[in-house]
Amino acid sequence: KMKEAESKIEYKIGGRSYEIAVPSISQAPTMAYASCNGFSSLKLMKGVKDKNVIWKVMARRHGLNDVVHEQGMPETEPARPYHLLLQGGDQVYADAMWETVPSMHEWNEKDWHSGNAAPLTPEMQRALNAFFFGLYVSRWSQPDVARMLARVPSIAMWDDHDLIDGWGSYPPERQNCAVFGGIWAAAAKAFSVFQQHLKAGERRPGTIGQAEAAWWQKPATQEERSGAFSIGYVVGPTVILAVDMRSQRTEKSRVVSEGHWSEAFDWLDTKQDITHALLLSSIPVVYPGFDTIEKLLGIFPGHQDLEDDLRDHWRSHPHKGERLRLIYKLLALSKRGVRATIVSGDVHVAALGAIESRREQAAGSENVINQLISSAIVHPGPGAVVLFALQHLFDSEEEIDRGLFGRMMTFPNSKSKFLGGRNYLSIEPDAVNRLWCNWFVEGQDYPFTKVIHPLGQAVGEVRDEGNS
């Protein structure tokens with residue numbers, strides 16, 4: 001429970017004590033955001049020396065002085081204890097199942113039609129259940145990860161690698177085949193237990209929508225699925241909405257069903273006395289488009305995994321209309337005096353974007369939505385060729401609709417739009433409701449900082465208090 005003053009809570013398991021920082025009832029929370037906590041292949045994993053170095057950086061910023069500052073770590077002083085850990089997707093990587101689970105490896109070797117027609121055997125389901133359980137235990141019990149998961153409450157939303165790469169974007173004959181149904185059953189159960197802390201038949205406090213508690217246990221196609229794992233919370237003057245963009249996703253029609261979008265924004269519309277709204281969108285809403293990158297990949301081959309990911313993005317043609325409706329919903333929040341910010345991961349770079357409406361002649365800061373991208377905390381970033389292309393070969397501005405523009409921004413006090421080092425994002429409010437957003441990036445001496453002002457407060461209106 002939040003009280004009138006900021007407090008600390010201690011709990012014990014097996015005689016070991018853990019302490020949690022709790023904001024006051026009127027205080028905006030200090031938050032860490034992370035995504036992509038794993039590796040898309042065993043080969044890639046073997047090439048990384050210190051897999052969890054950025055988790056160590058987070059621990060130092062949280063104030064855990066037993067973590068040694070190592071060479072290559074960004075400066076983390078002064079400490080800002082975290083009230084919340086926002087986990088934006090790919091908290092585990094299930095890709096290893098194709099290599100380590102014999103029955104799944106065998107199925108994956110079948111041709112397209114044979115694989116789609118193949119039955120899900122009891123042996124396969126048992127193997128999948130054991131795989132996902134073991135995946136979470138092995139990934140999350142690593143000391144540098146467990147240290148933070150034990151001390152900071154999480155708001156976590158899954159993305160495709162928590163199921164399999166590209167979940168929801170496959171053609172229906174593959175997406176709705178029997179073996180994919182078995183993957184859903186195992187992955188959804190593990191997600192509900194480990195990431196949403198659900199007991200059987202339980203609805204989590206903060207759940208968005210009216211679907212029954214066990215909706216995810218009922219067999220259904222992606223098109224028919226009635227529920228989603230979306231959750232929302234209000235903490236002081238800040239609202240956090242984490243939207244499930246995998247459970248109802250289909251290849252050619254939607255990321256989230258219209259009905260569930262209505263549930264999410266109806267919930268948001270009831271929240272009063274808030275200054276900031278954070279939307280967790282696992283995949284960035286503003287990012288270089290697939291059509292341009294597809295041409296680039298023809299020049300620089302060897303990036304098939306990037307190509308597959310980009311077909312999954314908001315700017316792929318089937319999702320553009322839905323993206324536009326989402327943007328207008330977020331812009332409407334400014335009419336209520338609420339600053340909307342999108343927080344995303346997935347793309348294995350740190351980046352800063354902005355959406356701006358210039359429809360009104362006197363357009364000001366109320367017509368701007370910031371987008372913060374932090375990715376990945378563990379997975380290595382793209383190679384130098386891809387980073388160069390992102391930085392130099394794409395148009396800086398996209399016209400989303402008449403008078404509505406999206407663009408990737410250069411980090412303040414920097415020449416870079418995309419940072420390839422592993423990273424996490426620290427969102428730190430101050431006494432005047434500004435959000436100091438610090439990217440802590442591997443190999444950089446100091447964090448990159450963006451300040452998001454509440455509506456009605458002009459930039460420079462209040463002098464800086466050294467919060468960066």
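This text goes with the structure placed above it.
Residues numbered from 1 in each chain as written. Predicted model: local features only at pLDDT ≥ 70, side-chain atom pairs only at ≥ 80, totals over all residues. Heavy atoms only, no water.

**So, the overall build of the protein**
Part 1 of the reasoning: Secondary structure assignment for the protein yields 14 helices and 17 strands.
Part 2 of the reasoning: Against the 2.2 N^0.38 benchmark of 23 Å for 468 residues, the protein shows a C-alpha radius of gyration of 21 Å, consistent with a compact globule.
Part 3 of the reasoning: When its C-alpha atoms are laid out on the principal axes, the protein stretches across 65 × 60 × 45 Å.
Part 4 of the reasoning: A separation threshold of at least 6 residues defines the contact pool for the protein, and within that pool the share at least 24 residues apart is 73%.
Part 5 of the reasoning: Element-wise, carbon and sulfur atoms account for 52% of the exposed surface of the protein, whose accessible area totals about 20,300 Å².
Part 6 of the reasoning: With 50 positive and 57 negative side-chain charges, the protein shows a separation of 3 Å between the mean positions of the two kinds. (Helix = DSSP H or I, 4+ residues; strand = E, 2+ residues; numbered from the N terminus. Rg over C-alpha atoms; globule rule 2.2 N^0.38 Å. Contact = heavy atoms within 4.5 Å. Areas by Shrake-Rupley, 256 points an atom, 1.4 Å probe, with all protein chains shown as cover. Lys, Arg positive; Asp, Glu negative; His and termini not counted. Charge placed at Lys NZ, Arg CZ, Asp CG, Glu CD.)

**Some details on unusual backbone geometry**
Part 1 of the reasoning: Look at the link from Glu 77 to Pro 78: it is a cis peptide, with omega at -5°.
Part 2 of the reasoning: Within the fold, Pro 78 resides in the loop between helix H2 (53-62) and strand S4 (84-87).
Part 3 of the reasoning: Across the junction of Ser 375 and Ala 376, the peptide omega takes the value 5°, indicating a cis bond.
Part 4 of the reasoning: Within the secondary structure, Ala 376 is located in the loop between strand S11 (368-373) and helix H14 (384-392).
Part 5 of the reasoning: With phi around 60°, Cys 36 is a residue other than glycine that occupies positive phi space.
Part 6 of the reasoning: Its place among the elements puts Cys 36 in the loop between strand S3 (31-34) and helix H1 (42-46).
Part 7 of the reasoning: By relative accessible area, Cys 36 is classed as buried at 0%.
Part 8 of the reasoning: In this structure, Asp 346 takes a positive phi of about 80° despite not being glycine. (Buried < 20%, exposed > 50% of the residue type's maximum accessible area, 1.4 Å probe, protein only.)

**Topic: the side chain of Ser 282**
Part 1 of the reasoning: Along the chain, the position of Ser 282 falls in the loop between strand S8 (276-280) and helix H11 (290-299).
Part 2 of the reasoning: Given a relative accessible area of 3%, Ser 282 falls into the buried group.
Part 3 of the reasoning: A polar contact of 3.1 Å, which involves the side chain of Ser 282, links it to the side chain of Asp 159.
Part 4 of the reasoning: Contact partners of Ser 282, with chain neighbours within four places excluded, come to Gly 88, Trp 158, Asp 159, Met 245, Ser 344, Gly 345 and Asp 346. (Polar contact = N/O pair within 3.5 Å; in protein donor to acceptor, adjacent residues only side chain to side chain.)

**Regarding the pattern of salt bridges**
For side chains bearing opposite charge, pairing can occur when the charged atoms are close.
Part 1 of the reasoning: Taken as a whole and judged by the stated rule, the model has 13 salt bridges.
Part 2 of the reasoning: We note a salt bridge from Arg 422 to Glu 442, for which the minimum N-O separation is 2.9 Å. Of this pair, Arg 422 sits in the loop between strand S14 (418-419) and strand S15 (423-429) while Glu 442 is found in the loop between strand S16 (435-441) and strand S17 (448-452), placing the two residues 20 residues apart along the sequence.
Part 3 of the reasoning: Judged by its relative accessible area of 6%, Arg 422 is buried.
Part 4 of the reasoning: Across the pair Arg 434 and Asp 430 runs a salt bridge, and its minimum N-O distance is 2.6 Å. (Salt bridge = Lys/Arg side-chain N within 4 Å of Asp/Glu carboxyl O.)

**Let's talk about H2**
Part 1 of the reasoning: Within H2, 10 of the 10 residues are buried, leaving the element largely enclosed by the surrounding structure.
Part 2 of the reasoning: Restricting attention to buried positions, one finds in H2 the residues Val 53, Ile 54, Trp 55, Lys 56, Val 57, Met 58, Ala 59, Arg 60, Arg 61 and His 62.
Part 3 of the reasoning: Those residues of H2 that are buried lie in contact with S3, S4, helix H7 (143-149), S15 and S16.
Part 4 of the reasoning: Immediately beyond the C-terminal end of H2, within one or two residues, lies Gly 63, with a positive phi of roughly 105°.

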